[in-house]
Every structure is written in C-alpha cells, then in structure tokens.
Amino acid sequence: MAIITRARKARKATAISQQAEEASVFGEAINYFDAAAASLDLNPNVTRILKHPSRQVIISIPFQLDNGDLEVFTGYRVQYSFARGPAKGGVRYHPGVSLDEVTALAFWMTWKCAVVDLPFGGAKGGVTCDPTKLSVNELERLTRRYAAEIIEIIGPDKDVPAPDVGTNPQTMAWIMDTVSMHHRAHTPGVVTGKPLCIGGSRGRVEATGRGVTIAIEAALEKMGKSLAGATVVVQGFGNVGSITAKLLAERGAKIVGIGDQFTGLSNKGGIDITAAIAHLSATTNKRRSLEGLAGSEQTTNSDLLELPCDILVPAALEDQLTQDNAANIKAYLIAEGANGPTTPAADRMLTEGGVTIIPDILANAGGVTVSYFEWAQDRMGYYWRESEVNDKLRDVLRENFDAVWETARSHKTSLRTAAYMVAIRRVIDSLTTRGIYA
Ligand code: NAD
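Residues numbered from 1 in each chain as written. Predicted model: local features only at pLDDT ≥ 70, side-chain atom pairs only at ≥ 80, totals over all residues. Heavy atoms only, no water.

Bridge count for strand E1 (residues 55-64) against strand E2 (residues 70-81) is ten bridges, and the pairing is antiparallel. What sits directly across from Ile61, in E2, is Phe73. In textbook terms, the turn of a hairpin is the stretch between consecutive antiparallel strands, and for E1 and E2 this stretch comprises five residues, one of which, Gly68, has a positive phi near 95°. (Pairing = 2+ DSSP bridges. Helix = DSSP H or I, 4+ residues; strand = E, 2+ residues; numbered from the N terminus.)

The following block contains the structure:
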C-alpha cells in the first residue's frame, strides 16, 4: 500500500486555508460580537473569555482510498463554549475548511444556541476535503476515522455534532455507529440530524429551511408586508436553500432565482421548485447540480445575488455579500440561511441603505432547535409526531424572534446587533452564575 504525498493538492488546500486566514472569518465574526458588546456595557474580564474558543483540536485522518492507497486529510473540532450546556455544532466537509473557518462557525453556534435559548454551548467540526470526489465507501472510512479521532471529546453530555455543508444524515449515522461500537453502548444522543430509523427526529431535515421561512414570515409581519407574491432569490440549493425555496413557494412567494456552486438560474415568471428538487434527485453524477434544469435562464452566481427581488436568501457559504456587491443588492429583506454570508463592511452598507437583515444566528437557528428536540427525544427514548416538532419549532423561533425585534426597536439597532445582545446576555448569565474556575 502506497502512502500518497499529494504535494500539489496539499499546496492548493493550504493556499485556500491561507486565503481564509488572511481574510480571517473568525476576525470578521468578532466584529459583530464587539458591536453588540459595546451596547451592553460588559465587564472586560468576561468579554475577554467570550472572545476565546474553549478548545481547538486539529487531527490528521488517514483513510484508505478504494484503490488501496492511503490518503491523509486534516480535520478539526472547535468547542467554543460550554457555559450553557454541552457544545453543539455541525461537521463540514469542504475544500475550504480551515481552523479559522471552523472557529468562526463554532463562535456563531454559541450565539445561535443562546439566541433561541437552547441549553447548549457552541462547537463546529470539519475536514478539508472535497466530498464530491470521494466514493460512498471512502466517505464512510473518512467519517469513521474522524469520529474515532475525536471520540474522547464528543458525547451527549460533552459535544453533539450534526450535519453541515458536505455532510448529511448518513454521515451522522456513521459517527453514531462508530461511537456506539467503541463505547459498547447504544449512543444515539452523540449526534443529531440522524436518519429516523436510528433515533433521528421527524422534521429535522426540513428544520433549518422551515426556520428561515418562519423568520421571514415573522419579519414581514412586523414590517406590514405580505409573503404572497413577494419575489425571492435563493443562493445555494442544498438542504437549507432547497427547503427554504420550497416552503416559501408553497406559501405564495415567487422564486425568481436559485443557484448552486456550479450554476445560477433565473426566471422572472417563477422557477418550479418542485421540478428543481426532482431534477437534483434524478441527477446521477456526483455533482448533484441544478445544471441542465429546463425552463430558466442561466446566470452566474454573482449575478444571481444582484437580481431584482424583494427577499434574498444566501444559503450557501460565508462571505457572499461583500462591499463589492452590497450596493447592487435589490432586496429589501435578507434572511441569512448560511452562516456568515455577509461581511461586516457589506452589513454596514446594506443596513445604512435600509435593508433589513435577519442575521444567521437567528434566521438559520431552526436546524439546531430541532437538533435539540432530537437530542431530548434520544435521551427519553420517546419520539414525537412531526406536527408536534413543527409546532414547538415555530413557538421557539417566534418567541425569540420577538425578543430580538423588541431589543432592536428599544435600542434603535439592527436585528444582528440585537440578536447578539440577547444571546450574549444569556451566555453571560450562565457563565457568571456558574462562576469562573480561574
Ligand atoms: P449543503 O451542502 O446541503 O448545500 C450547500 C449548497 O451551497 C449546495 O447547493 C452547493 O452547491 C452550494 N454552494 C457551495 N459552494 C457555493 C458557492 N461558492 N457559491 C454558490 N453556491 C455554493 O449545505 P447546507 O446544509 O444547505 O448548508 C448551507 C449553509 O447553511 C451553510 O452555511 C451552513 O453552515 C448553513 N446551515 C446549515 C444548517 C443545516 O441544518 N444544514 C443549519 C444552519 C446553518
């Protein structure tokens, strides 16, 4: 068996990581924290603690390719905070994954769990790889080895991973099985976003998109506007983007633009979202792309974001709305399905231009909320009906959306700053009540 040193590939991966480092996603994320902290008159000692991740783990993951060779990828798990409970956050498989990105994502998870008042801290994990280039068997071996490498630090009372970009319920099933085998104990609560047959929750697959839809409806209600007939562009057509587009279309919105990493599509008359989802399911090649969907004009990913529309839902990756395109955005409402899609500079330009932005930590919190329900059901061994899950999700999101909206109104600030204010207050309450073991 040969161990491959794919120098060129490694150099490319490093170049991607270095770009991420230079831009520092975590550095940008901290900007949002600082803006909210300034309005809260925080104790500087507590602020210092909150600006540091509790634990960052980097691992090498050797695994066997189908041709018998061994490949080694780099993986991460960052546990940002345990103040409110076990750490919680997804696992991302993508070529751009870096320690900086995973740290930023773990940071956002901390505030996301707190803004919807869940008893979790924040975490995130990832492997720098291109899952579209790996077979199912290779993905399984990679996932099992990744799980085995972080087995001491994950668990229902420690840290609970879930799917993110490039991973899915099957990935969670492999992690759950690997942990259960090592512990010699059935451990469904170690991950959420699992398939139903092994302790997943009804409604989890749709939960993030459903949450984005609930947040959009809540914002429109507050703004005195209607979803029926509103035009919508959705960037990213994976779990979050496709479900959001489907649910918004079902509620009368007209989806005039959708896109994935390979193509963008537009149609002023409205795109048939059911057909788009069916097109992806029928795609046999591993790209599972919207390419080739009939009945729409092709556009680029960047043009997609600038299409005329009322509501824009970035649901792909971070840093999509930047100072280069912010002035060209036509939407009056942006709902951040993705984590960190708007840079601080773009956020300022858009907010000053009168655009309402429902921030990621609130807009896409539906997924982690139903993950919390899944974790609770796994611990009880008692599973709920889908209608019960969806009703509870709506209650949690509406109640906390209202709290954020009211904070924004009373402090005359953006929804983003208000969401961080609500979340930071809750984390600090837990932290200071427990006391700092210093
Ligand atoms: P996914 O892998 O299912 O889909 C990602 C989509 O984005 C795909 O359509 C992909 O083609 C597209 N994409 C990737 N790179 C792109 C690029 N450069 N330009 C345009 N499109 C691109 O992932 P997902 O689970 O839908 O997650 C999307 C975003 O939502 C991520 O930021 C993730 O962190 C966030 N999020 C996901 C969940 C969840 O429950 N899945 C929860 C909260 C937040």
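You can read the domains of the protein chain as domain 1 (3-187) and domain 2 (207-358). Across the boundary between the two partners, domain 1 contributes 18 residues, which contact eleven residues of domain 2. In this assembly, domain 1 packs against domain 2 so that about 1,100 Å² is buried in total across both faces, 49% of it on carbon and sulfur atoms. Of all residues in domain 1, the largest losses of buried area upon contact with domain 2 belong to Glu28, Tyr32 and Thr132, amounting jointly to 41% of the total for that side. Taken together, the links from domain 1 to domain 2 amount to four residue pairs in polar contact (both at pLDDT 80 or more). Looking at the side of domain 1 that touches domain 2, the elements with two or more residues in it are helix H2 (25-40), strand E3 (87-94) and helix H4 (99-115). Taken together, the residues of the side of domain 1 that touches domain 2 sort by class into seven nonpolar, four polar and seven charged. (Domains from an automatic or database assignment. Contact = heavy atoms within 4.5 Å. Buried area = accessible area lost by both parts, 1.4 Å probe. Polar contact = N/O pair within 3.5 Å; in protein donor to acceptor, adjacent residues only side chain to side chain. Nonpolar A, V, L, I, M, F, W, Y, C, P; charged D, E, K, R; others polar.)

In spatial order, the strands read E1-E2-E4-E3-E5; together these five strands make up an open sheet with mixed pairing. This sheet does not close on itself; its edge strands, each paired only once, are E1 and strand E5 (159-163). Between one strand axis and the next, the sheet turns by 25° as a mean value, whatever way the strands run. Direction of pairing for E2 relative to strand E4 (residues 122-128): antiparallel, over a ladder of six bridges. Across the sheet, residue Tyr76 finds its bridge partner in E4, namely Gly126. (Axes fitted to C-alpha atoms, helices over the stretch in contact; angles between N-to-C directions.)

Right, let's talk about the packing of helix H7 (residues 204-223) against helix H13 (residues 366-380) for a bit. Running from N to C, H7 and H13 cross one another at 145°; their axes reach a closest spacing of 6 Å. Every pair of crossing elements has a handedness; the one defined by H7 and H13 is right-handed. Counting all contacts with H7, which are made through Arg204, Ala207, Thr208 and Gly211, the residues of H13 involved are Gly366, Gly367, Val370, Ser371 and Glu374. Here the residues of the contact of H7 with H13 sort into two nonpolar, five polar and two charged. (Left-handed = near helix turned anticlockwise from the far one by under 90°.)

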